[in-house]
Amino acid sequence: MQLLDGKFVSEKLKLQIAEEAADIRQKIGRKPHLVAILVGHDGGSETYVASKIKNCEKVGFDSTLYRFENDITEDALLQKIEEVNNDPNTDGILVQLPLPKHISADNVTERISPEKDVDGFHPINLGRMQRNLPSFLPATPYGILLMLAEYNINTAGKHCVVVGRSNIVGSPMSILMARNTNPGNCTVTICHSRTPDIKKFTLDADILIVAIGKKNFITADMVKEGVVVIDVGMNREISNETKSGYKLYGDVDFDNVAPKSSWITPVPGGVGLMTIVGLLKNTLASAKKEIY
Ligand code: GUN
């Protein structure tokens, strides 16, 4: 078993991003600039947004965080997005999900200018991604592709099983792994909550990507020898073992699955760190006008 080390790869790629950020700053006269919008006080969202802001600073980007209370109206939020869309000094906009129930995530996602949609969630970017045209790729799937590329994992002709069909991970990930690109060129199966006997499919996976949000969902009896395991799970549990008061668990029973795997991502220290790299690379690409 070998680790797909998100800490090592993300630090390496962030050094490259920082160099490119310094270059583009010379050319455009300002740093790449990410705007993050956070509604409410969800503990996970607070942590993830804080990490995105901190990493912007690390690589020499500007960032702005707009915070709103849970009772903000959808109209007011859409208006804020419109204002940032029109700001020539902003390269990227992200609205942290989930949003309160009275706000439509679809309306919010569609209001963000596709040219600044560094989360890659806008239907225009998703459509362009599916057609293999230049687009912002959703940050987590993008980070996973970067990780597979970094370790030269051969994906062509392999059976990739994606567990989970979310807009953020499972659905775009399945499209990316089936595309005629490297990484890609897989035969892809998507499993989800309505799939009977998920084990039947996971047992046949050469590459298993799990994004279902359930601690220890994938157990050793569900995988074959030599599988490549990508664990997207970010299950937070209260714990007195850590400084933050929370402990993070993946969707995979790492201790028992790792011995059967050829490659596996740990949690923490795996995909989560690569998501940030995906976001930073999209923001840099936007500042460089590489996509639009
Ligand atoms: N919530 C969970 N993952 C993400 C992400 O990648 N982007 C945003 N905006 N919200 C999320």
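How each quantity is defined
- Residues numbered from 1 in each chain as written.
- Predicted model: local features only at pLDDT ≥ 70, side-chain atom pairs only at ≥ 80, totals over all residues.
- Helix = DSSP H or I, 4+ residues; strand = E, 2+ residues; numbered from the N terminus.
- Contact = placed C-beta atoms within 7 Å.
- UniProt positions renumbered as here; feature names shortened; annotations may be inferred.
- Pairing = 2+ DSSP bridges.
- Axes fitted to C-alpha atoms, helices over the stretch in contact; angles between N-to-C directions.
- Near = placed C-beta within 6 Å.
- Nonpolar A, V, L, I, M, F, W, Y, C, P; charged D, E, K, R; others polar.
- Domains from an automatic or database assignment.
- Core = buried A, V, L, I, M, F, W, Y, C linked by C-beta atoms within 7 Å.
- Buried ≥ 20, exposed ≤ 12 C-beta atoms within 10 Å, placed from the backbone.
- Parallel < 35°, antiparallel > 145°, perpendicular 65-115°, else oblique.

**Student:** So what about the overall build of the protein? Which residues, and what values?
**Tutor:** Check the secondary structure of the protein and you find 10 helices and 11 strands. In terms of overall dimensions, the protein has a C-alpha envelope of 50 × 40 × 35 Å along the principal axes. Sequence separation of 24 or more characterises 68% of the internal contacts of the protein that already satisfy a separation of 6 or more.

**Student:** Any chance you could break down the UniProt feature "domain: Tetrahydrofolate dehydrogenase/cyclohydrolase catalytic" (unreviewed entry) in the protein for me, citing the residues and the numbers?
**Tutor:** Per the UniProt annotation, the sites labelled "domain: Tetrahydrofolate dehydrogenase/cyclohydrolase catalytic" (unreviewed entry) are residues 4–119. Helix makes up 50% of residues 4–119 and strand 16%, whereas the separation of the span's terminal C-alpha atoms amounts to 23 Å.

**Student:** If you had to explain the environment of Asp197 to someone new, which residues and values would you point to?
**Tutor:** Mapped onto the elements, Asp197 comes out in the loop between strand E6 (187–191) and helix H8 (198–202). In the structure, Asp197 is positioned 138 residues away from Val59 in sequence and 44 Å away in space, judged by C-alpha atoms.

**Student:** Any details on the sheet that holds strand E2 (residues 33–39)? Residues and values, ideally.
**Tutor:** Strand order in the open sheet formed by three strands is E3-E2-E4, and the pairing between neighbours is parallel. Of all strands in the sheet, those with a lone pairing partner are strand E3 (62–68) and strand E4 (92–95), marking the two edges. Across the sheet, the mean angle from the axis of one strand to that of its neighbour is 15 degrees, orientation sign disregarded. Relative to E3, E2 runs parallel, the two sharing seven bridges. Looking across to E3, one finds that Val39 is bridged to Phe68.

**Student:** Before we move on, can you summarise the UniProt feature "domain: Tetrahydrofolate dehydrogenase/cyclohydrolase NAD(P)-binding" (unreviewed entry) in the protein with the specific residues and values?
**Tutor:** Using the residue numbers shown here, the UniProt feature "domain: Tetrahydrofolate dehydrogenase/cyclohydrolase NAD(P)-binding" (unreviewed entry) corresponds to residues 138–290. When the span residues 138–290 is considered, its composition is 31% helix and 20% strand, and the gap between its end C-alpha atoms is 16 Å.

**Student:** Help me get a handle on the site of the ligand, residues and values and all.
**Tutor:** Near the ligand, the surroundings consist of Leu94, Val95, Gln96, Leu97, Asp119, Ala139, Thr140, Ile168 and Thr275. Contributing elements (two or more residues each) for the shell around the ligand: E4 and helix H6 (139–150). For the shell around the ligand, the per-class residue count stands at five nonpolar, three polar and one charged. Each of domain 1 (28–114) and domain 2 (139–272) accounts for three or more of the residues forming the shell around the ligand.

**Student:** Tell me what's going on with the nonpolar core, and back it up with residues and numbers.
**Tutor:** Counting 76 residues, the largest nonpolar core has Ile144, Leu208, Ile209, Val210 and Val229 as its most contacted members. It is helix H10 (residues 271–287) that provides the largest number of residues to this core, a total of 10 residues. The two domains that each donate at least three residues to this core are domain 1 (28–114) and domain 2 (139–272). Those residues in contact with Ile209 that sit more than four places away from it in its chain are Ile144, Cys160, Val162, Met173, Ile230 and Val232.

**Student:** Describe in detail unusual backbone geometry, supporting the description with residues and values.
**Tutor:** In this structure, the amide linkage connecting Leu97 to the following residue, Pro98, adopts the cis form with an omega of 5 degrees. Note on placement: Pro98 falls in the loop between E4 and helix H4 (105–111). The linkage connecting Asn182 with the following residue, Pro183, adopts the cis geometry, with an omega of -5 degrees. By the secondary structure assignment, Pro183 is in the loop between helix H7 (170–178) and E6. A positive phi angle is found at Asp197, which is not glycine, with a value near 55 degrees. By the C-beta count within 10 Å, which is 9 here, Asp197 ends up exposed. Although it is not a glycine, Asn216 adopts a positive phi angle of roughly 55 degrees. With respect to the helices and strands, the residue Asn216 is situated in the loop between strand E7 (207–210) and strand E8 (227–231). What makes Asn216 partly exposed here is the crowd of 16 C-beta atoms within 10 Å.

**Student:** Let's hear about the environment of Thr47: which residues, and what values?
**Tutor:** Note that Thr47 resides in helix H2 (residues 43–58). What makes Thr47 partly exposed here is the crowd of 16 C-beta atoms within 10 Å. Residues Thr47 and Pro141 lie 94 residues apart in sequence; the distance between their C-alpha atoms is 20 Å.

**Student:** Tell me about the pairing of E8, residues and numbers included.
**Tutor:** Buried residues dominate E8, accounting for five of its five residues. Burial of the side chains of E8 extends over both faces: Val227, Val229 and Asp231 are buried on one face and Val228 and Ile230 on the other. Relative to E8, E7 is paired through four bridges, and the arrangement is parallel. Across the sheet, the residue bridging to Ile207 is Val228, located in E8.

**Student:** Give me the packing of H6 against H10: which residues, what numbers.
**Tutor:** The geometry of a pair of packed helices is captured by two quantities: the angle between their axes and the separation between those axes. Close contact between H6 and H10 brings their axes to 7 Å; oriented N to C, the two are set at 105 degrees. As the angle between them shows, H6 and H10 are arranged roughly perpendicular. Contacts between H6 and H10 involve Ala139, Thr140, Tyr142, Gly143, Ile144, Leu146 and Met147 from the former and Val271, Met274, Thr275, Val277, Gly278, Leu279, Lys281 and Asn282 from the latter. For the contact of H6 with H10, the class distribution of residues is nine nonpolar, five polar and one charged.

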